[in-house]
Amino acid sequence: MTNEGTPISLSDKNFRQIVAIAANEAGLAIPEAKKSLVQSRIARRMRQLGIADCGNYLSSLAGDTEETQHFISALTTNVSHFHREDHHFGIIRDRILGQAQDGRLRFWSAGCSNGQEPYTLAMEILKAIPSAANRDILILATDIDRVVLTRAKSGIYSENDIEGVPVSDRAKFFKRTDDGRFAVTDDLKRMIRFRNLNLNHASWPMDGPFDAILCRNVLIYFSDETQSKLWPRFHRLLKPGGFLMLGHSERIHPLDGSGFVSAGVTTYEKT
């Protein structure tokens, strides 16, 4: 058995194996500069399992889907908060919800992490369309990490977690739990379908079309090649005039033939 005090080394060969597995399983691009960070994260997971040899751990991933998911989770960062990059929700309010009739509305939070993004979207929908519960409006929220999906489904957050939520929205959309935390209301939960999804897989189970896809601060982990393969897939799932919203450091190059045009800060409209 190994413990927190046992050093776990990561050879150059191990690092190359990790890079290859991460690219093959999830399309992740890990630069050499991240080696020390990768070592600390993989070492933490190995200690949890009581494995001291990195080569043995990496060999154990073959055919072990569940542990491979833990491996990918260890390599990625799940950071999110309510109303993150709020300009996107402003576009949704003004250009989708503000013009919505009585028809169907669909949204996809791709890489939903701990759930703050889809719950923020659900709050904005209910504020703009009070009758949303009686309409055909749904949010699909997906993530590769089953651990964060479990938390997202629970909809329970600390006081620090909800710091970005306006006071009026806290009163309307959260209930205080017995242990002093905050649980989202059932009205929000009913609007969201949480699902496990690897964006790097060859096929996706959803058909669309979506009015907006939010894939924010996810593509920074992917190589340029992987990103270029995702643009047409997102494009096919959006309705004409639908929006793809990316993170603050993510961009679609205007000359890559993606079928999108800029529609605001890190916002792209399907042409």
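Please read all numbers here as calculations on a predicted model, not as lab measurements.

If you tally the helices and strands in the chain, you get 10 helices and 10 strands. Taken over the C-alpha trace, the chain has a radius of gyration of 20 Å; the compact-globule value for 271 residues is 18 Å, and the two agree within 12%. Overall, the C-alpha framework of the chain stretches about 60 × 55 × 30 Å when taken along its three principal axes. Out of the 271 residues in the chain, the part that is buried amounts to 49%. Long-range pairs, those at least 24 residues apart, make up 72% of the contacts in the chain between residues at least 6 apart in sequence. Only carbon and sulfur atoms are counted for the fraction: they give 49% of the accessible area of the chain, which is about 13,300 Å². A gap of 2 Å separates the mean positions of the 34 positive and 32 negative side-chain charges of the chain.

This part covers the environment of Leu61. Within the fold, Leu61 resides in the loop between α3 (54-60) and α4 (65-75). C-alpha separation for the pair Leu61 and Phe71, spaced 10 residues apart in sequence, amounts to 8.4 Å. Leu61 has contacts with Ile21, Glu67, Thr68 and Phe71, leaving out every residue within four places of it along the chain.

Before going further, it helps to examine the packing of aromatic side chains. A complete count under the given rule lists eight aromatic pairs for this structure. Between the aromatic rings of Trp108 and Phe210, the centroid separation amounts to 5.7 Å while the plane-to-plane angle is 35 degrees, which identifies the pairing as tilted. With a gap of 102 residues between them, Trp108 in strand β1 (residues 105-110) and Phe210 in strand β7 (residues 210-215) connect regions that are remote in the sequence. As far as burial versus exposure is concerned, Trp108 and Phe210 are alike and both buried. Summarising the aromatic geometry, the rings of Trp108 and Phe234 are spaced 5.8 Å apart at their centres and angled 65 degrees between planes, so their arrangement reads as edge-to-face. Highlighted residues: Trp108 in strand β1 and Phe234 in helix α10 (residues 224-237), separated in sequence by 126 residues.

So, about unusual backbone geometry. Negative phi characterises most residues that are not glycine, and trans characterises most peptide bonds. Residue Pro209 follows Gly208 across a cis peptide bond; omega there is -5 degrees. Mapped onto the secondary structure, Pro209 falls in the loop between β6 (192-196) and β7. At Glu85, a position not held by glycine, the phi torsion is positive, near 50 degrees. Looking at the secondary structure, you find Glu85 in the loop between α4 and α5 (87-95). On the basis of relative accessible area, Glu85 is assigned to the buried category, the value being 14%. With a phi close to 60 degrees, Asn217 is a non-glycine residue in the positive phi region. Mapping Asn217 onto the fold places it in the loop between β7 and α10.

Rules and cut-offs
Every residue gets a number counted from 1 within its own chain, in the order that chain's sequence is written. In view of the model being predicted, local features appear only for residues whose pLDDT reaches at least 70, and side-chain atom pairs are presented and counted only at 80 or more, with totals across whole chains, interfaces and linings using the full set of residues. Heavy atoms throughout the structure, all of them, feed into the side-chain values; hydrogens and water do not. The numbering of helices and of strands both runs from the N terminus, where a helix is a DSSP run of H or I of at least 4 residues and a strand a run of E of at least 2. C-alpha atoms define the radius of gyration in this analysis, and the globule rule sets the expected value at 2.2 Å times the number of residues to the power 0.38. Burial classification: accessible surface area is computed with a 1.4 Å probe over protein chains only, and a residue below 20% of its type maximum counts as buried, one above 50% as exposed, and the rest as partly exposed. Residue contacts follow a heavy-atom distance rule, with two residues in contact if any of their heavy atoms lie within 4.5 Å. To measure how exposed things are, a 1.4 Å probe is used in the Shrake-Rupley method; for residues, cover is taken only from the protein chains shown. By the counting scheme adopted, Arg and Lys are positive, Glu and Asp are negative, and His together with the chain ends is not counted. Charge placement uses NZ in Lys and CZ in Arg. For Asp and Glu, CG and CD serve respectively. Note on aromatic pairs: the rings of Phe, Tyr and Trp (six-membered ring only in Trp) are paired at centre separations within 6.5 Å, and the planes decide the class, stacked below 30 degrees, edge-to-face beyond 60, tilted for the rest.

No statement about biological role is implied by the geometric values presented.
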